[in-house]
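One-letter residues, chain by chain:
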Amino acid sequence: MANPIARPLNKRVLLMGTCLCDAFYDDTAKATVEVLEHLGISVEFPDNQTCCGQPAFNSGDWTASRKVARHTASVFAGELPVIVPSGSCAAMNFHGNLVQFEEKPDPAITSLAKRTWEVMDFIYNGLGIKTWPGKFEKSTRLAFHRSCHARGTCTGEAVRTLLASIENAEVVPFGEAEQCCGFGGTFSVTFPHISGKMGTLKLDRILDIQPDLLVGIDMSCLMHLSGLAQTQGRPVKHLHAIQVLRDTLP
Amino acid sequence: MIGNQLIDQYARNITDEKQHSVINGAAAGTEKRYQVLHKDYLDPDAIRKIAASIKDHTLHHLGEYLAKAEQALVSRGVNVHFASTDEDARQTILSILQGHGVTQLTKSKSMAAEEIHLNPFLIENGVECLESDLGEFIIQLDDDEPSHIVKPIIHKNRREIAATFLREGIAADYNDDPETITRRARVHLREKYMRAQAGITGGNFVCADTGRVALVTNEGNSRFGMAPVGVHIALIGIEKIIPQEKDLAVFLNLLGRSATGQQLTVYTEFINGPKSANQPDGPEHMHVVFMDNGRTDVLASNCKEILRCIRCGACQNVCPVYRQASGHAYRSTYGGPVGAVLSPILFGSRFPELADLPKASSLCGACNEVCPVDIPIPDLLLRLRDKAHREHVHSPAAIPMSPFATLATSPSLWRTAMTMSKAMNHLPIQVAPIKPLQDWLGQRTLPDSHGGDFRKWFKGHKKS
């Protein structure tokens, strides 16, 4: 699931907030705006945006998901980069959509694919920011869960490098990092038992390293892991990487 | 109903013992594979891309390469047969055996033979058929089914095997030391080998340019099985062709490393045809049975990339769902990610019954990441979900999506729904009589709704 090559850069960008931030995680979307503005980027939020369509796509109802994808492509029409604080929704734009439109390519869909950036990738590879001038008050162990939809993309390296450059931060590797957290959207509903066991294993590996903070790039994975952790009586402090960038700024 | 997926139920009911065997076996395989690939190659990813393109090229010209392979095999004195269905393959093999008067044979491990249930068929027809791979031999003793492509007994532990040996009279006493188990199997099998009249094998690769058949094992059983017999039959799927012998350099290097974390499998045979005049032993007759059995249908489908598969099992090892549910949950010869794609389309008439397999995935993509021929398995799973939906195949995983699509294409309705979702914060949703919701919330908490808060903040922020 490689990133599209040669995505456009601009001082103005469109923010795709994602439905999870719209419903639950407003602070992640807010942090995205604040960090980008801190970097001199002007952020616009098209008000008619809804969801990338992934739930229907993954369920196999491509009639429904193509409808949603066309809506999203029209909301984000134009030339500007589209920035997404989620590896999963970004991958839907630049990969999933191309799969569901492979028999009848749609220029608006292809254009959206070519302009979509996961936010950490945009900062690191797009804007070329390789170190972050942030600081934790005291020594902080970070567990970074590179969610599955960032496999094969530039996001993992971007996050690891930026987090590690923060003063007093240590990114501590944990076991079986390639394993999924078990969320998978509707998968966690239709396969609740397997999903729960996968999440528990993931948590075990993360908690092995006794992190001060669990950092992710998808609120969906963090919602799943923290939801399980809380039920199991071992809550874990968690933030999106973009929140870490904002919160550690002087 | 939702949440009543067979594979999820299977994982719920699996014994702890079996689950531990599968998880430990699979995780060890993943770790070893990673170590050896990265120790030996600066960029393992580049090699699997080459392998993928060789396979794609071959599949694109499969008719030509099959004809070329046939010609090369015939010129080496091999009898070549084509079987279009499983029934054809079974009958072809039976008539070859009958033609040579064979009543006893040994068989090395072959997924193609598993696919057509060759063993029970031959036994029914009066041919004694002994599995010579240790894992498959144990499967045969237990009347069980393999649950992994490379490690058929990944779901068993040594205590169970020791008990089987005692029960079957292969061991005089209970001993679960792996070395003892293996030595006992060796004594038992060796005697059987010597009485066999034919050997059946699969084939990992057939080189179209020379007709050479490459066969890998870790026990040397297929090679040993060839020594005393007069007839060798290789049952091979038509997708196993590679254009040239030199392509083996790519595939053999990837296969051992991906399958078992070995640089090369312990025994790698290059079979040139029947015994030649100056060879002291080996089969005088060699037959290759090329089997289609649904493969041309797969080739014509939008999932043809799955035919690149070289049966290494790396996708099974890494798959979190396979680890939880085991290969048996997939109810077909091929389990795990490769099986979730291959089984429903290879056995086309069973599609409705197996349409749940492609849904048994969080689409995490670990399978694609480890695949030595870079099969985009998650994309193929999605295409099969789309196929099931288009063909109206009932599935308990089908959450109705048209209301979602309506909501997600009506921005003002969407915004209203977001704001209203805050009301949920004051409702005891964990007691709502909705089974999937209860299943979900039984294990996880849901965060409080902040529906619409970001939009509100952003408007204020822009004004300021």
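Some thoughts on the interface of chain A and chain B
Part 1 of the reasoning: Contact with chain A, which involves 68 residues of that partner, is made by 70 residues of chain B.
Part 2 of the reasoning: For the pair chain A and chain B, the summed buried area comes to about 5900 Å², and 61% of that belongs to carbon and sulfur atoms.
Part 3 of the reasoning: For the pair chain A and chain B, the interface holds eight salt bridges.
Part 4 of the reasoning: Across the contact surface, chain A and chain B share 32 residue pairs in polar contact (both at pLDDT 80 or more).
Part 5 of the reasoning: The biggest single contributor to the side of chain A that touches chain B is helix α10 (residues 192-208) of chain A, with eight residues.
Part 6 of the reasoning: Split by residue class, the side of chain A that touches chain B holds 29 nonpolar, 23 polar and 16 charged.

What to know about helix α1 (residues 6-13) of chain B
Part 1 of the reasoning: Among all positions in α1(B), only I7(B), D8(B) and A11(B) are buried. For α1(B), the angular spread of the buried residues around the axis is 100°, confining them to a single face.
Part 2 of the reasoning: In the core, the buried residues of α1(B) are packed alongside α9 (187-190) and α10 of chain A together with α15 (320-325) of chain B.

Structural notes on the pattern of salt bridges
Should their charged atoms come close, side chains of opposite charge can pair.
Part 1 of the reasoning: Tallying each qualifying case throughout the model produces 47 salt bridges over all chains.
Part 2 of the reasoning: Salt-bridge contacts for D247(A) lead to R246(A); the nearest nitrogen and oxygen are separated by 2.8 Å.
Part 3 of the reasoning: Residue class for R246(A) comes out buried when judged on its relative accessible area of 17%.
Part 4 of the reasoning: Residues R390(B) and D386(B) are paired through a salt bridge, measuring 3.1 Å at the closest nitrogen-oxygen approach. You can see R390(B) and its partner D386(B) sitting in helix α19 (residues 377-390), four residues apart, about one turn around the helix.
Part 5 of the reasoning: According to the relative accessible area criterion, R390(B) is partly exposed, its value standing at 49%.
Part 6 of the reasoning: Overlapping salt bridges bring together D22(A), D47(A), R415(B), R455(B) and K459(B) as one network.

Some remarks on the domain arrangement of chain B
By a frequent convention, interface size equals the accessible area lost on bringing the separate parts together.
Part 1 of the reasoning: Taken domain by domain, chain B holds domain 1 (41-293) and domain 2 (413-463).
Part 2 of the reasoning: Computed over C-alpha atoms only, the centres of domain 1 of chain B and domain 2 of chain B are separated by 56 Å.

Some points on α10(A)
Part 1 of the reasoning: Along its 17 residues, α10(A) runs 24 Å from first to last C-alpha, staying within 8% of the 24 Å computed at 1.5 Å per residue.
Part 2 of the reasoning: Considered for burial, the residues of α10(A) that qualify are P192(A), H193(A), I194(A), S195(A), G196(A), M198(A), G199(A), K202(A), L203(A) and I206(A).

What to know about the domain arrangement of chain A
Residues and elements named next belong to chain A.
Part 1 of the reasoning: Domain assignment breaks chain A into domain 1 (12-126) and domain 2 (135-247).
Part 2 of the reasoning: Each of domain 1 and domain 2 was reduced to a C-alpha centroid, and the two centroids are 22 Å apart.
Part 3 of the reasoning: Approximately 2100 Å² of surface area, both sides summed, lies buried where domain 1 meets domain 2, with 68% of it carried by carbon and sulfur atoms.
Part 4 of the reasoning: Interface area lost by domain 1 to domain 2 is led by Y25, M120 and Y124, which between them contribute 31%.

Description of the packing of helix α7 (residues 119-126) of chain A against helix α8 (residues 155-164) of chain A
Between two packed helices, both the angle of their axes relative to each other and the distance between the axes serve to describe the pair.
Residue and element names in this part refer to chain A.
Part 1 of the reasoning: It is the contact of α7 with α8, at a shortest axis distance of 8 Å, that shows an interaxial angle of 75°. Relative to α8, the element α7 is oriented roughly perpendicular. Contacts between α7 and α8 involve M120, D121, I123 and Y124 from the first element and T155, E157, A158, V159, T161 and L162 from the second.
Part 2 of the reasoning: By residue class, the composition of the contact of α7 with α8 is six nonpolar, two polar and two charged.

Overview of the sheet that holds strand β8 (residues 238-240) of chain A
All names here are of chain A.
Part 1 of the reasoning: Overall, parallel pairing links the four strands, which are arranged β6-β5-β7-β8 in an open sheet. Lying at the two open borders of the sheet, with one neighbouring strand each, are β6 (167-171) and β8. On average, each strand axis in the sheet is tilted by 35° relative to the strand beside it, whichever way the strands run.
Part 2 of the reasoning: When strand β5 (residues 135-145) meets β6, the two strands line up parallel, connected through four bridges. From the neighbouring strand, L142 faces β6, where its bridge partner is V171.
Part 3 of the reasoning: Here helix α11 (residues 219-231) sits on the sheet in contact with β5, β7 (213-216) and β8, set at roughly 175° to β8.

Overview of the nonpolar core
Part 1 of the reasoning: Judged by nonpolar contacts, the single largest core of 115 residues is most densely connected at I7(B) and F290(B).
Part 2 of the reasoning: Membership of the second largest hydrophobic core comes to 76 residues, among which are I41(A), L203(A), V215(A) and L441(B).

What about the packing of aromatic side chains?
Part 1 of the reasoning: One pass over the full model with this rule turns up 13 aromatic pairs over all chains.
Part 2 of the reasoning: Look at W117(A) and F122(A): their rings are 5.3 Å apart centre to centre, the planes differ by 75°, and that puts the pair in the edge-to-face class. Neither W117(A) nor F122(A) differs from the other in exposure class; each is buried.
Part 3 of the reasoning: Look at F187(A) and F191(A): their rings are 5.2 Å apart centre to centre, the planes differ by 20°, and that puts the pair in the stacked class.
Part 4 of the reasoning: Relative accessible area serves as the criterion here: at 0%, F191(A) is assigned to the buried category.
Part 5 of the reasoning: Every member of this aromatic cluster is reached through a ring pair, and the members are F45(A), F454(B), W457(B) and F458(B).

A word on the state of the cysteines
Part 1 of the reasoning: Following the criterion strictly, the structure yields zero disulfides over all chains and no others.
Part 2 of the reasoning: The structure places no disulfide on C312(B), whose sulfur is separated from the nearest cysteine sulfur, that of C371(B), by 6.4 Å.
Part 3 of the reasoning: Looking at the unpaired C364(B), the closest cysteine sulfur is the one in C148(A), lying at 4.4 Å.
Part 4 of the reasoning: Looking at C364(B), the relative accessible area reads 9%, which means it is buried.

Rules of the game
- Residues numbered from 1 in each chain as written.
- Chains lettered and ligands numbered in written order.
- Predicted model: local features only at pLDDT ≥ 70, side-chain atom pairs only at ≥ 80, totals over all residues.
- Heavy atoms only, no water.
- Contact = heavy atoms within 4.5 Å.
- Buried area = accessible area lost by both parts, 1.4 Å probe.
- Salt bridge = Lys/Arg side-chain N within 4 Å of Asp/Glu carboxyl O.
- Polar contact = N/O pair within 3.5 Å; in protein donor to acceptor, adjacent residues only side chain to side chain.
- Helix = DSSP H or I, 4+ residues; strand = E, 2+ residues; numbered from the N terminus.
- Nonpolar A, V, L, I, M, F, W, Y, C, P; charged D, E, K, R; others polar.
- Buried < 20%, exposed > 50% of the residue type's maximum accessible area, 1.4 Å probe, protein only.
- Arc of directions from axis to C-beta.
- Domains from an automatic or database assignment.
- Expected span 1.5 Å × (residues − 1).
- Axes fitted to C-alpha atoms, helices over the stretch in contact; angles between N-to-C directions.
- Parallel < 35°, antiparallel > 145°, perpendicular 65-115°, else oblique.
- Pairing = 2+ DSSP bridges.
- Core = buried A, V, L, I, M, F, W, Y, C linked by side-chain atoms within 4.5 Å.
- Phe/Tyr/Trp six-rings, centres within 6.5 Å; stacked < 30°, edge-to-face > 60°.
- Disulfide = S-S within 2.5 Å.

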